[in-house]
There are 2 protein chains.
Amino acid sequence: MTETLQLYSYWRSSAAYRVRIGLNLKGLAHSIVPVHLLRDGGEQHSEAYRAFNPQELVPTLCHGQRRLGQSLAILEYLDEFWPEPPLLPANARARHRARALAQLVACDVHPLNNLRVLQYFEHEWNVPQPERDEWVRHWIVEGFRAAETMLADHPSTGIFCEGDVPGLADCCLVPQVYNARRFGVDMAAYPTIERIEAACLALPAFDAARPERQPDAPAPS
Amino acid sequence: MTETLQLYSYWRSSAAYRVRIGLNLKGLAHSIVPVHLLRDGGEQHSEAYRAFNPQELVPTLCHGQRRLGQSLAILEYLDEFWPEPPLLPANARARHRARALAQLVACDVHPLNNLRVLQYFEHEWNVPQPERDEWVRHWIVEGFRAAETMLADHPSTGIFCEGDVPGLADCCLVPQVYNARRFGVDMAAYPTIERIEAACLALPAFDAARPERQPDAPAPS
């Protein structure tokens, strides 16, 4: 493949973070195009970006002339287009489990705590910041309690969520833990999640994808 | 396959509705086990159900001894285990598009409007019903505006979301339109979505999966 890969990303977007990890795990050269979600009312709402991504959300992956949205669909695309190393295991049962763990985060935790949701609460309902933060923690705790059970009790949990190879579920879990810490969730209740996160972040593919390593991250104060 | 399939379902859950459509499209015999999401504080929170599904959400598909959660992961599992007729197209680009449309609904619309979210607003924040309903419509309109653009402008939209074969994206779109109507969203702004919905509901697989056709649906008043 000589077509270039460009990822429209925001340093702190956990959906973009998932795709950064996936690209790195595949060893795919790519450039990062920052989209600032707050500046000028949000660059994702500009006409130019909307033409790429009608949902006005990050990430968008450009692969040659293709414009690909939705982080989990992008990760599946990467896995189909560049199968090695795989992001999903080989058998249907294990693939289901990896996807279900990924979707636990990507459907049932993260969308509830997204920037646009918190902006709705602030601007439409005048919900004070402490209540907004409590809302964020509530859904992370709901999700992590279930994920911890699914991971701790299951024989196919290994070094990573599914066996000893990092994959789709880990791409979703690690960014969600980043958000959990940011909002002050006590991670001590989720020892398996914490152990897997540490194993992931020890890998260069995850480390390089961290928010604070991104070109658009603010300089440390 | 002689292992039985049982779907833990609630008649009005749109996540369960997606899987009902998928099972029907595949022609897979299955039984429906109703889980009443409101009675006794929600049967999905019972100890017995939680042992099946630690997220305490419907649907769960039991396939022999396997307990499978997350509607999109279940649909992918069905497609891998019983490949014919396919729920996903053959090439990576088209598969991405089908998944992205499915995830637009399953990640960015439906989780925000779920029962548990509306219960949080009512019980934790005392948000009045009109504001809760407005919230529901807001996210459906956001999602449908983008979906209409993605469907109306794209050469691979056919009778259904992706070509002329009903699949994953249709399994998600039709239940979301049901919710949209229930909450009074004006569907006239989304002619492509309405056209696809009508084409889907003309098929027995979709028709039999409708909420009002379920064993646990209340009798018409």
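Please refer to the structure placed before this passage.
The structure presented is a predicted model; accordingly, all values stated were derived computationally and were not measured.

Engineer: What is the right way to read the overall build of chain A from this model?
Structural biologist: Counting its regular elements, chain A contains nine helices and four strands. Ordering the α and β elements of chain A from the N terminus gives β-α-β-α-β-β-α-α-α-α-α-α-α. Taken over C-alpha atoms, the radius of gyration comes to 17 Å for chain A, in line with the 17 Å a tight globule of 221 residues would show. Dimensions of chain A, computed from C-alpha atoms along their principal axes, come out at roughly 50 × 45 × 35 Å. Element-wise, carbon and sulfur atoms account for 52% of the exposed surface of chain A, whose accessible area totals about 9000 Å². Across chain A, the 21 positively charged side chains and the 27 negatively charged ones have centroids separated by 2 Å.

Engineer: So what exactly am I meant to see when it comes to the relation of the copies chain B and chain A here?
Structural biologist: Look at the two chain copies: a rotation about an axis and a shift along it is all it takes to match them. It takes a turn of 180 degrees to lay chain B on chain A, together with a shift of 0.0 Å along the axis; the resulting RMSD is 0.0 Å. Taken together, the rotation and translation relating the two chain copies correspond to the operation of a two-fold axis. For chain B, the minimum C-alpha distance to the rotation axis belongs to Cys107 of chain B and amounts to 2.2 Å.

Engineer: What should I look at first to understand the interface of chain B and chain A in this one?
Structural biologist: For interface size, the figure often reported is the accessible area lost on association. Counting residues at the interface gives 44 residues for chain B, matched by 44 residues for chain A. Interface area, chain B with chain A, both sides summed: about 4000 Å², of which 66% is carbon and sulfur. Summed over the shared surface of chain B and chain A, the number is eight salt bridges. Put simply, Arg145 of chain B and Glu56 of chain A hold a salt bridge, and the shortest N to O gap is 3.8 Å. Between the two partners, chain B and chain A, sit 16 residue pairs in polar contact (both at pLDDT 80 or more). Among the elements of the structure, β4 (66-69), α3 (71-81), α4 (92-108), α5 (115-124) and α6 (129-152) of chain B are those that each provide at least two residues to the side of chain B that touches chain A. No other element matches the 11 residues that α4 of chain B contributes to the side of chain B that touches chain A. Partitioned by chemical class, the residues of the side of chain B that touches chain A number 24 nonpolar, seven polar and 13 charged.

Engineer: Would you explain the sheet that holds strand β4 (residues 66-69) of chain A in this entry?
Structural biologist: To summarise the sheet geometry, strands pair through backbone hydrogen bonds and adopt either a parallel or an antiparallel arrangement. All names here are of chain A. On the basis of which strands lie adjacent, the open sheet formed by four strands has the order β2-β1-β3-β4 and mixed pairing. Here the strands that pair on one side only, and so sit at the sheet edges, are β2 (31-34) and β4. The sheet shows a mean angle of 25 degrees between the axes of neighbouring strands, direction not considered. Pairing of strand β1 (residues 5-9) with strand β3 (residues 60-63) involves four bridges; the strand directions are antiparallel. The partner of Leu7 across the bridge, within β3, is Leu61.

Engineer: Mind showing me how you'd approach the environment of Ala208 of chain A here?
Structural biologist: All names here are of chain A. Within the secondary structure layout, Ala208 lies in the segment after α9 (204-207). Measuring from C-alpha to C-alpha, the distance between Ala208 and Ile21 comes to 7.9 Å, with 187 residues separating the pair along the chain. Apart from residues no more than four positions distant in its own chain, Ala208 is found in contact with Asn24, Arg213 and Gln214.

Engineer: For this particular structure, what's the right way to read the sheet that holds strand β1 (residues 5-9) of chain B?
Structural biologist: Residues and elements named next belong to chain B. Pairing in this open sheet of four strands is mixed, and the strands run β2-β1-β3-β4 from one edge to the other. The sheet terminates laterally at β2 (31-34) and β4, the two strands that pair on one side only. On average, each strand axis in the sheet is inclined to that of its neighbour by 25 degrees, with strand direction left out of account. Across the sheet, helix α1 (residues 14-26) touches β1, β2 and β3 (60-63), and the angle it forms with β1 is around 155 degrees. Relative to the sheet, α3 contacts β3 and β4, its axis offset from that of β4 by approximately 125 degrees.

Engineer: Looking at this model, I keep getting lost on the pairing of β4 of chain A. Mind explaining?
Structural biologist: Sheet faces and side chains relate simply in a regular strand, where the side chains alternate between the two faces. Residue and element names in this part refer to chain A. Here β3 runs beside β4; their pairing, made up of four bridges, is antiparallel. Within β4, the position partnered with Leu61 by the bridge is Leu68. Counting the residues in the hairpin turn of β3 and β4 gives two residues, including Gly64, whose phi is positive at 60 degrees.

Engineer: How should I be thinking about the nonpolar core in this particular structure?
Structural biologist: Counting residues in hydrophobic clusters, the biggest one holds 126 residues, and the most contacted among them are Phe121 and Trp135 of chain A together with Phe121 and Trp135 of chain B. With nine residues, helix α6 (residues 129-152) of chain A is the largest single contributor of residues to this core. Aside from chain neighbours lying at most four places away, what touches Phe121 of chain A is Asn126, Val127, Arg132 and Trp135 of chain A together with Phe121, Trp125 and Trp135 of chain B.

Engineer: Whenever I open this one, the pattern of salt bridges confuses me. Can you help?
Structural biologist: Where charged atoms from two side chains of opposite charge approach closely, those side chains can pair. Going through the model one piece at a time under the given rule, you end up with 36 salt bridges over all chains. Between Arg132 of chain A and Glu122 of chain A there is a salt bridge, with its nearest N and O atoms 3.9 Å apart. Highlighted residues: Arg132 of chain A in helix α6 and Glu122 of chain A in helix α5 (residues 115-124), separated in sequence by 10 residues. With a shortest N-O distance of 2.7 Å, Arg99 of chain B and Glu76 of chain B are connected by a salt bridge.

Engineer: Whenever I open this one, the environment of Glu148 of chain B confuses me. Can you help?
Structural biologist: Examined against the element boundaries, Glu148 of chain B turns out to sit in helix α6. Within the structure, the side chain of Glu148 of chain B is placed 2.5 Å from the side chain of Thr192 of chain B, a separation counted as a polar contact.

Definitions and limits used
- Residues numbered from 1 in each chain as written.
- Chains lettered and ligands numbered in written order.
- Predicted model: local features only at pLDDT ≥ 70, side-chain atom pairs only at ≥ 80, totals over all residues.
- Heavy atoms only, no water.
- Helix = DSSP H or I, 4+ residues; strand = E, 2+ residues; numbered from the N terminus.
- Rg over C-alpha atoms; globule rule 2.2 N^0.38 Å.
- Areas by Shrake-Rupley, 256 points an atom, 1.4 Å probe, with all protein chains shown as cover.
- Lys, Arg positive; Asp, Glu negative; His and termini not counted.
- Charge placed at Lys NZ, Arg CZ, Asp CG, Glu CD.
- Least-squares fit on C-alpha atoms with pLDDT ≥ 70 in both.
- Contact = heavy atoms within 4.5 Å.
- Buried area = accessible area lost by both parts, 1.4 Å probe.
- Salt bridge = Lys/Arg side-chain N within 4 Å of Asp/Glu carboxyl O.
- Polar contact = N/O pair within 3.5 Å; in protein donor to acceptor, adjacent residues only side chain to side chain.
- Nonpolar A, V, L, I, M, F, W, Y, C, P; charged D, E, K, R; others polar.
- Pairing = 2+ DSSP bridges.
- Axes fitted to C-alpha atoms, helices over the stretch in contact; angles between N-to-C directions.
- Core = buried A, V, L, I, M, F, W, Y, C linked by side-chain atoms within 4.5 Å.
- Buried < 20%, exposed > 50% of the residue type's maximum accessible area, 1.4 Å probe, protein only.

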